[in-house]
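Chains, contacts and geometry: an overview
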Amino acid sequence: MNLSLEKKLNSDMDSSTILEKYFPQLSAQQKAQFQELGNLYVEWNEKINVISRKDIEHIYERHILHALAIGKFQNLSRKKVLDVGTGGGFPGIPLAILFPDAEFTLVDSIGKKIKVVHAIVDKLGLENVDALHQRAEKTKGKFDFVVSRAVTRMKSFVHWVHPMIQSEKPEDNCGIIALKGGDLEEEMAEIKRMYQEVSISKYFSEPFFETKKIIFVPF
């Protein structure tokens, strides 16, 4: 690993300590997994580009913490969660560490990215993650929540994944939770469904999150 980058990752300004600021309840095992997670992504990103080169030194803030915003919005404990278009494992892997009693299925159509997911999941010993190299619409089963990070416009995304969301327990408030950014009024008007928009700055104070949103579409 690049030594200057490793030093940056281990600094107080941009390391796993930022996670403890917002998630003080993390166990010793979770802290160790999150600490290792950043280093694993740096190592893999030198082989397979799954994170923007200019963003990799900010992986804890812009990728891991960003993913965990979903955990602030919704308690996923004991839920079945599908991460569509997971790329290198976001938001699924950080959420799987945060909610070890939930079941996560991560899918992506690009094989080399799922290869990275498998390697990181194995290295961290995550037993609650299944990673599949396939298109979202080929996924079997029903899920409580479908999560994603800016995969596509919501109209198309809702069309793809709504058959996979279990609707037999309306009291569970199941649905789609998507990480998005910017002005979403026009995009969300296309879906012609009720939805909830929450600014991530409600949870995290870093300037990066000022334009970041969580979109929840209940089913």
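Look up a bit, the structure's there.
Residues numbered from 1 in each chain as written. Predicted model: local features only at pLDDT ≥ 70, side-chain atom pairs only at ≥ 80, totals over all residues. Heavy atoms only, no water.

Digging into the overall build of the chain
As a reminder of what qualifies: Working definition: helices are DSSP H or I runs of at least four residues, strands are E runs of at least two. Numbering for both runs from the N terminus. Radius of gyration here is computed from C-alpha atoms only, and the compact-globule reference equals 2.2 Å multiplied by the residue count raised to the power 0.38. Exposure categories follow from relative accessible area, calculated using a 1.4 Å probe and restricted to protein chains: below 20% of the type maximum is buried, above 50% is exposed, and the middle band is partly exposed. Between two residues, a contact is recorded if the distance between any of their heavy atoms is within 4.5 Å. Accessible areas in this description were obtained via Shrake-Rupley with a 1.4 Å probe; residue shielding takes into account the shown protein chains only. For this count, His and the chain ends are skipped, Lys and Arg are scored as positive, and Asp and Glu as negative. Where a charge lies is defined by one atom per residue type, namely NZ (Lys), CZ (Arg), CG (Asp) and CD (Glu).
The number of helices and strands found in the chain is eight helices and seven strands. Rg of the C-alpha trace for the chain: 17 Å, near the compact-globule value of 17 Å for 219 residues, within the 12% margin. Counting across all 219 residues of the chain, residues that qualify as buried make up 52%. In the chain, 71% of the contacts between residues at least 6 apart in sequence involve partners at least 24 apart. Summed over all atoms, the accessible surface of the chain reaches about 10600 Å², with 47% contributed by carbon and sulfur. With 30 positive and 30 negative side-chain charges, the chain shows a spacing of 3 Å between the two charge centroids.

Some remarks on the packing of aromatic side chains
What counts here: Two aromatic rings, drawn from Phe, Tyr or Trp (for Trp, its six-membered ring), form a pair once their centres lie within 6.5 Å of each other, and the interplanar angle then sorts them: stacked below 30 degrees, edge-to-face above 60, tilted otherwise. The criterion is that NZ of a Lys, or CZ of an Arg, lies within 6 Å of the ring centre and within 35 degrees of the ring normal, and then a charge sits over that ring.
Within the structure shown, the criterion is met by seven aromatic pairs. Among the aromatic residues, those joined into a cluster by ring pairs are Tyr22, Phe23, Tyr203, Phe204, Phe208 and Phe209. One cation-aromatic arrangement involves Lys72 over Phe23; the distance from NZ or CZ to the ring centre is 4.6 Å. Positioned above the aromatic ring of Phe143, the side-chain terminus of Lys80 is 5.6 Å from the ring centre.

Some points on the pairing of strand β2 (residues 103–108)
Side-chain positions along a regular strand alternate between the two faces of the sheet. Just so we agree on the cut-off: One bridge is not enough; two strands pair if DSSP finds at least two bridges between them. Place the viewer so that the strands point away; then a crossover is right-handed whenever the path from the first strand over the helix to the second strand goes clockwise.
Counting buried positions along β2 yields five of six residues, so the element is predominantly enclosed. Sheet topology places strand β1 (residues 80–84) next to β2; five bridges connect them, and they run parallel. Note on β2: the bridge partner recorded for Lys80 is Glu103. In this fold, the crossover linking β1 to β2 by way of helix α5 (residues 92–98) has right-handed handedness. Summarising the sheet, β2 and strand β3 (residues 129–133) pair through five bridges and their orientation is parallel. Bridge pairing links Leu106 to Ala131 in β3. Regarding topology, helix α6 (residues 111–124) serves as the crossover connection from β2 to the parallel β3, and that connection is right-handed.

Brief notes about the side chain of Asp83
We count it as follows: Each reported salt bridge corresponds to a side-chain nitrogen of Lys or Arg within 4 Å of a carboxyl oxygen of Asp or Glu. Between N or O atoms, a polar contact is any pair within 3.5 Å; within protein, one atom must be a potential hydrogen donor and the other a potential acceptor, and residues adjacent in sequence are included only when both atoms are from side chains.
Checked against the element boundaries, Asp83 lands in strand β1. Arg149 provides the closest opposite charge to the buried, salt-bridge-free Asp83, at an N-O distance of 8.1 Å. Within the structure, Asp83 has its side chain in polar contact with the backbone nitrogen of Gly92 (distance 2.9 Å).

Comments concerning the sheet that holds strand β7 (residues 212–218)
Put simply, the test is: Fitting a line to C-alpha atoms yields each axis, with helices limited to the stretch in contact; the angle taken between N-to-C directions then spans 0 to 180 degrees.
On the basis of which strands lie adjacent, the open sheet formed by seven strands has the order β3-β2-β1-β4-β5-β7-β6 and mixed pairing. Looking at which strands have only one partner, the edges of the open sheet turn out to be β3 and β6 (196–199). In this sheet, adjacent strand axes meet at a mean angle of 20° when their direction is disregarded. α6 rests against β2 and β3 of the sheet, and its axis sits at about 160° to β3.

Regarding the layout of surface pockets
Heads up, the rule is: Definitions used throughout: a 1 Å grid over protein atoms alone; a cavity as a set of points that fits a 1.4 Å probe which cannot get out; a pocket as an open set with protein on both sides within 12 Å along at least five of seven lines; a lining residue as one with an atom within 4 Å of a point. Grid points are joined across faces, edges and corners, and a volume is the space filled by probe spheres set on the points.
Within this model, the largest pocket holds a volume of roughly 320 Å³. Lining the largest pocket are 19 residues, and of these Val84, Gly85, Thr86, Asp108 and Val151 lie nearest its centre.

Observations concerning the nonpolar core
Counted only if it meets this: In this text, buried Ala, Val, Leu, Ile, Met, Phe, Trp, Tyr and Cys residues form a nonpolar core when linked through side-chain atoms within 4.5 Å.
Core analysis: the largest hydrophobic core is formed by 56 residues, its most contacted members being Ile93 and Phe104. Broken down by element, this core gets its largest block of residues, nine residues, from helix α4 (residues 59–73). Beyond its immediate chain neighbours, meaning those up to four positions away, Ile93 contacts Leu37, Tyr41, Gly88, Leu106, Val117, Ile120, Val121, Leu124 and Leu126. With 20 residues, the next largest nonpolar core counts Val84, Val107, Ile191 and Ile215 among its residues.

Description of the packing of helix α3 (residues 28–45) against α4
We count it as follows: By the definition adopted for this analysis, an angle is roughly parallel if under 35 degrees, roughly antiparallel if over 145, roughly perpendicular if from 65 to 115, and oblique otherwise. If you view the pair so one helix is near and one far, a crossing is left-handed when the near helix is turned anticlockwise from the far one by less than a right angle, and right-handed when it is turned clockwise. Ten residues, namely Ala, Val, Leu, Ile, Met, Phe, Trp, Tyr, Cys and Pro, are considered nonpolar, four, namely Asp, Glu, Lys and Arg, are considered charged, and the remaining ones, Gly among them, are considered polar.
Where α3 contacts α4, the two axes come as close as 11 Å, and the packing angle between them is 125°. Put simply, α3 runs oblique to α4. Along this stretch, α3 crosses α4, giving a crossing that reads as right-handed. For the pair α3 and α4, contact is made by Phe34, Gln35, Leu37, Gly38 and Tyr41 and by Ile59, Tyr60, Ile64 and Leu68, respectively. Of the residues that constitute the contact of α3 with α4, the class distribution is seven nonpolar, two polar and no charged.

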